[in-house]
Amino acid sequence: MFSMFERFTEPARRAVMRAGILSMDAGRTALAPDLMLLGLAEEHPLPHLPAAEALRPHLDTGRTRELLAAIGIDVDEVRRRTRHGADDPARWRLGRSRVNPLRLTLSGPLGMLALEPHARKVIEVAMWKPGPVTGERLLWGLLADGADGTAALLRRCGADVPALVRAAGIPVHRPRRTA
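All figures in this text were calculated on a predicted structure; none of them were measured in a lab.

K.L.:
Explain the environment of Gly146 residue by residue, including any values.
P.N.:
By the secondary structure assignment, Gly146 is in the loop between helix H7 (135–144) and helix H8 (150–156). Spatially, the C-alpha atom of Gly146 lies 9.9 Å from that of His118, the residues being 28 residues apart in sequence.

Next up, the structure:
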């Protein structure tokens, strides 16, 4: 399985990698667009994109920290000791299954996650055009599917979605006016 990350810029790669780490930390079994948006906000802030702190309260990122703190375990210390190299993008791969070409998987030192269908579409849209996959292209993928809830989440966080669309260079279809 070749890594699709070969076309990704370093910040875009880090954003997807960070989304995978957030997903694993939350105890999720698959990577979803909401955490891809949070990963993008953390690793590749874009104009008009809400800060990660503004997005986080609207997302389910798990309760690991507070549950373990209740029994006296410092999650940050555990992660420092057990995750050496986990944030190294060179150790992460994003690839397509040879058996099932619709299945995309993110794998790295912390494990492997399948991408939910909406998250797979984010990657497919971002890679649609030739050239490098950038944060703007990931944003394009996040906003391409109205059913994945990204635009609604951004609006709840106070984002100006049309300004984000313009900043990312996303083409907008305008219906023809008839005379």
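K.L.:
Give a description of the pairing of strand E3 (residues 104–108) that names residues and reports values.
P.N.:
Counting buried positions along E3 gives 4 out of 5 residues, so the element sits mostly inside the fold. Alignment of strand E2 (residues 93–96) against E3, held across 4 bridges, turns out to be antiparallel. Within E3, the residue paired with Gly95 across the bridge is Thr105. Pairing between E3 and strand E4 (residues 111–115): 4 bridges, direction antiparallel.

K.L.:
Before we move on, can you summarise the side chain of Arg13 with the specific residues and values?
P.N.:
In this structure, Arg13 sits in helix H1 (residues 10–25). Here Arg13 sits buried without a salt bridge, and the closest side chain of opposite charge, Glu10, lies 5.0 Å off (N-O distance). For Arg13, the residues in contact, after removing those within four places along its chain, are Ser3, Phe5, Phe8, Pro89 and Trp92.

K.L.:
Let's hear about the environment of Pro50: which residues, and what values?
P.N.:
Along the chain, Pro50 turns up in the loop between helix H2 (33–43) and helix H3 (52–55). Remark: the alpha-carbon pair of Pro50 and Leu37, spanning 13 residues in sequence, is separated by 9.7 Å. Residue contacts for Pro50: discarding those within four places in its chain leaves Ala41, Leu55, Leu154, Cys157 and Ala159.

About the criteria used
Residues numbered from 1 in each chain as written. Predicted model: local features only at pLDDT ≥ 70, side-chain atom pairs only at ≥ 80, totals over all residues. Heavy atoms only, no water. Helix = DSSP H or I, 4+ residues; strand = E, 2+ residues; numbered from the N terminus. Buried < 20%, exposed > 50% of the residue type's maximum accessible area, 1.4 Å probe, protein only. Pairing = 2+ DSSP bridges. Lys, Arg positive; Asp, Glu negative; His and termini not counted. Salt bridge = Lys/Arg side-chain N within 4 Å of Asp/Glu carboxyl O. Contact = heavy atoms within 4.5 Å.

Read these as spatial facts, not as claims about activity.
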